[in-house]
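Each chain, letter by letter, is given below.
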Amino acid sequence: MTAIKIDPYLNWDSGTLNPYQHGEVFVTDDGMETDLDLGHYERFLDVNLSGECNLTTGKVYSSVIEKERKGKYLGSCVQIIPHITNEIKSMIREIANKSHAEVVLVEVGGTVGDIESQPFLEALRQLRNEEGHDNVMFVHVTYVPYLKAAGEFKTKPTQHSTKELRSTGIIPDMIICRSELPIDTPLKNKIAHFCDVEKNAVINAPDAKSIYEVPLVLEREKVGEYVLERLQMPPKKQDLHDWNLIVDSLMTEEPVVSVGIVGKYVELEDAYISIRESLKHAAAQIGVKVDIEWLSAEDIKTHKIEDLDSLLIPGGFGERGISGKLDAVRYSIENNVPLFGICLGMQCMVIEFARMNGLDDAHSTEFDKNTSNPVIDMMEEQKKIKKMGGTMRLGSYPCQLKENTKAYQAYKKKNIEERHRHRFEFNNDYLELLKGKGLIISGMYDDFLVEMIELKDHPWFIGCQFHPEFKSRPNNAHPLFVSFLEAAYENKK
Ligand code: GLN
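Note that this is a predicted model, so its numbers are computed, not measured.

Student: Sorry if this is basic, but what is going on with unusual backbone geometry here?
Tutor: Cis rather than trans, the peptide bond between Ile81 and Pro82 has omega equal to 10°. Position of Pro82 relative to the elements: it lies in helix 4 (residues 80-99). The omega angle of the peptide bond from Glu254 to Pro255 is -10°, so this bond is cis rather than trans. Assignment of secondary structure puts Pro255 in the loop between helix 10 (241-250) and strand 11 (256-263). Phi at Lys222 is positive, roughly 65°, even though this residue is not glycine. Assignment of secondary structure puts Lys222 in the loop between helix 8 (214-220) and helix 9 (223-230). When its relative accessible area of 46% is taken as the criterion, Lys222 is described as partly exposed. Unlike most non-glycine residues, Asp446 shows phi in positive territory, near 50°. Position of Asp446 among the secondary structure elements: in the loop between strand 20 (439-445) and strand 21 (449-455).

Given below as structure tokens:
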């Protein structure tokens, strides 16, 4: 199967959104900046999705307006119905055909009743009519609140949103009820009765200990069985043995290894969701529990970083919090504490290492255009670019690792491919000087772009210009995160 996420906002992609708006910006192999849900789909389905799988109002309207300008609709008045809805359906069908999947899951973001999502719901309604009732099913996800004071669940919001959905012409075949606590059969039957769905199509998804437990919950509720029957597909053998093992290892309570993440969006964990999940996957693989401390880079001094087993500096943009990140790098070097720097994190490692080795004003030109030692500088091809959206160095690029480095030991191979999202890079004018001071260049793209660095006399100090967190899977933890947590475990306080 494949999955499509519809985000009814007007942005063309998620690239220009502040992570505080919708959480992390996810990057696909083909270089699209997408909603973080695509990350969930990749992790749960263990597939690499194309960026086309994130549909936005921005993409749909741009495409229709472009066609109108080219004269594709000559003579017609271009309207939401049929032009926009046709465009939505054709985008969905194109992804379906390319993927060769048996089932395409289409998630519409937002809430039924939103003005923005109306054209999408209308397009999906039409799709059911065109593809046939047996080939399209609708699943409505609702929330069933529990009123503590009254000691009861309330089904009214579910009844109400179902009514709203039906008014668009979409009749749900299944209702998945999210709830804080499990709901019982009489309550499910009540929902079935009021919302006019079959009793075994009312599914409960109560809060789980881990998001990875959710497929097991849905399987217990027989969701798969119902869907296959409803879509007239042959029943399939269910084998959740491996998934069960993964969930069990994710529940490991001891030993605990702590990681301090020094970031600037730490109030919203979703801003670093792929990093958090990658740490969990790696911890499960080596049999430890990871305890993440979110450290605000702006007031790093108020945190007790001495108690932590390791530090991680994630990617980011802009000056805010940079000096705290540089302090964290210095602390790691002076105290031999494992440090993992990702993208901006790697750039901070280079800046602080240069400062500690005589280049007092070393900086990135992203933060100080006039520094006399621009150890991190804008990539040459980026200097001509004026537009902000989708213009960074994006997506998958190869990288060659140097043998006898920690990076090589982690990956156990020479040629790797990782996903990118950046405008700035290591300035090669400083390559020889910094190498002479003990910096190791462990990964390069095409012999000219520094992709990975590490330090000679340090237990684990690795920076990468790419984002390994986008490729970690629960059944296949990323080698860099595994190697990092192993080092953190060695350093356990
Ligand atoms: N701001 C830096 C750059 O553009 C780092 C980007 C990132 O961390 N994703 O190169």
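Still to come is the rest of the account.
Student: Looking at this structure, how should I read the environment of Glu180?
Tutor: Mapped onto the elements of the fold, Glu180 is located in the loop between strand 9 (174-179) and helix 7 (185-195). C-alpha separation for the pair Glu180 and Thr85, spaced 95 residues apart in sequence, amounts to 36 Å. Excluding anything up to four places from it in sequence, Glu180 contacts Tyr143, Lys148 and Asp207.

Student: What's the story with the site of the ligand in this structure? I'm lost.
Tutor: Close contacts around the ligand come from Gly315, Gly316, Phe317, Cys343, Leu344, Gln347, Glu366, Arg421, His422, Arg423, Phe424 and His467, and that covers them all. Gly316 is positioned with one of its backbone polar atoms (N or O) 2.8 Å from an oxygen atom of the ligand. Between the ligand and Glu366, the relevant distance is 2.7 Å, taken from a nitrogen atom to a side-chain nitrogen or oxygen of the residue. Here the ligand has 290 Å² of accessible area as a free molecule, and 99% of this is covered by the chains. Contributing elements (two or more residues each) for the shell around the ligand: helix 13 (344-356) and strand 18 (415-422). A per-class count over the shell around the ligand returns four nonpolar, five polar and three charged.

Student: Is there a simple way to think about the pairing of strand 12 (residues 289-296) in this case?
Tutor: Both strand 11 and strand 12 contribute to a ladder of eight bridges, which runs parallel. The partner of Val256 across the bridge, within strand 12, is Lys289. Since strand 11 and strand 12 lie parallel, the crossover through helix 11 (residues 273-286) that links them has a hand, and here it is right-handed.

Student: Any chance you could explain the nonpolar core here in plain terms?
Tutor: For soluble globular proteins, the rule of thumb is that nonpolar side chains tend to be buried together. Formed by 41 residues in total, the largest nonpolar core has its most connected members in Leu311, Val375, Phe426, Leu434 and Ile453. For this core, the elements supplying multiple residues, two or more each, are strand 13 (310-313), helix 12 (322-335), helix 13, strand 16 (373-378), strand 19 (424-426), helix 15 (431-436), strand 20 and strand 21. Residue contributions to this core peak at eight residues, all from helix 13. If we skip the residues at most four places from it in the chain, Ile453 touches Met346, Met349, Val350, Leu439, Ile440, Ile441, Ser442, Phe461, Ile462 and Gly463. Tyr265, Leu401, Leu480 and Phe481 belong to the second largest nonpolar core, which has 38 residues in total.

Student: Sorry, what's going on with the environment of Asp327 here?
Tutor: Looking at the element boundaries, Asp327 is found in helix 12. Those residues within four positions of Asp327 in sequence are excluded, and the remaining contacts are Ile300 and Lys301.

Student: Teacher, can you tell me more about the sheet that holds strand 9 here?
Tutor: Strand pairing in a sheet relies on backbone hydrogen bonds. The paired strands run either parallel or antiparallel. Pairing is parallel in the open sheet, where three strands are placed in the order 6-9-10. Looking at the sheet topology across the chains shown, the edges are occupied by strand 6 (139-143) and strand 10 (202-206). Across the sheet, the mean angle separating the axes of adjacent strands is 25° when strand polarity is ignored. One ladder, built from five bridges, connects strand 6 with strand 9; its direction is parallel. Across the sheet, the residue bridging to His140 is Ile175, located in strand 9. Helix 6 (residues 156-166) contacts strand 6 and strand 9 of the sheet and is inclined by roughly 145° relative to strand 6. Relative to the sheet, helix 7 contacts strand 9 and strand 10, its axis offset from that of strand 10 by approximately 130°.

Rules of the game
- Residues numbered from 1 in each chain as written.
- Predicted model: local features only at pLDDT ≥ 70, side-chain atom pairs only at ≥ 80, totals over all residues.
- Heavy atoms only, no water.
- Helix = DSSP H or I, 4+ residues; strand = E, 2+ residues; numbered from the N terminus.
- Buried < 20%, exposed > 50% of the residue type's maximum accessible area, 1.4 Å probe, protein only.
- Contact = heavy atoms within 4.5 Å.
- Near = heavy atom within 4 Å.
- Polar contact = N/O pair within 3.5 Å; in protein donor to acceptor, adjacent residues only side chain to side chain.
- Areas by Shrake-Rupley, 256 points an atom, 1.4 Å probe, with all protein chains shown as cover.
- Nonpolar A, V, L, I, M, F, W, Y, C, P; charged D, E, K, R; others polar.
- Pairing = 2+ DSSP bridges.
- Right-handed = clockwise from strand over helix to strand, strands pointing away.
- Core = buried A, V, L, I, M, F, W, Y, C linked by side-chain atoms within 4.5 Å.
- Axes fitted to C-alpha atoms, helices over the stretch in contact; angles between N-to-C directions.

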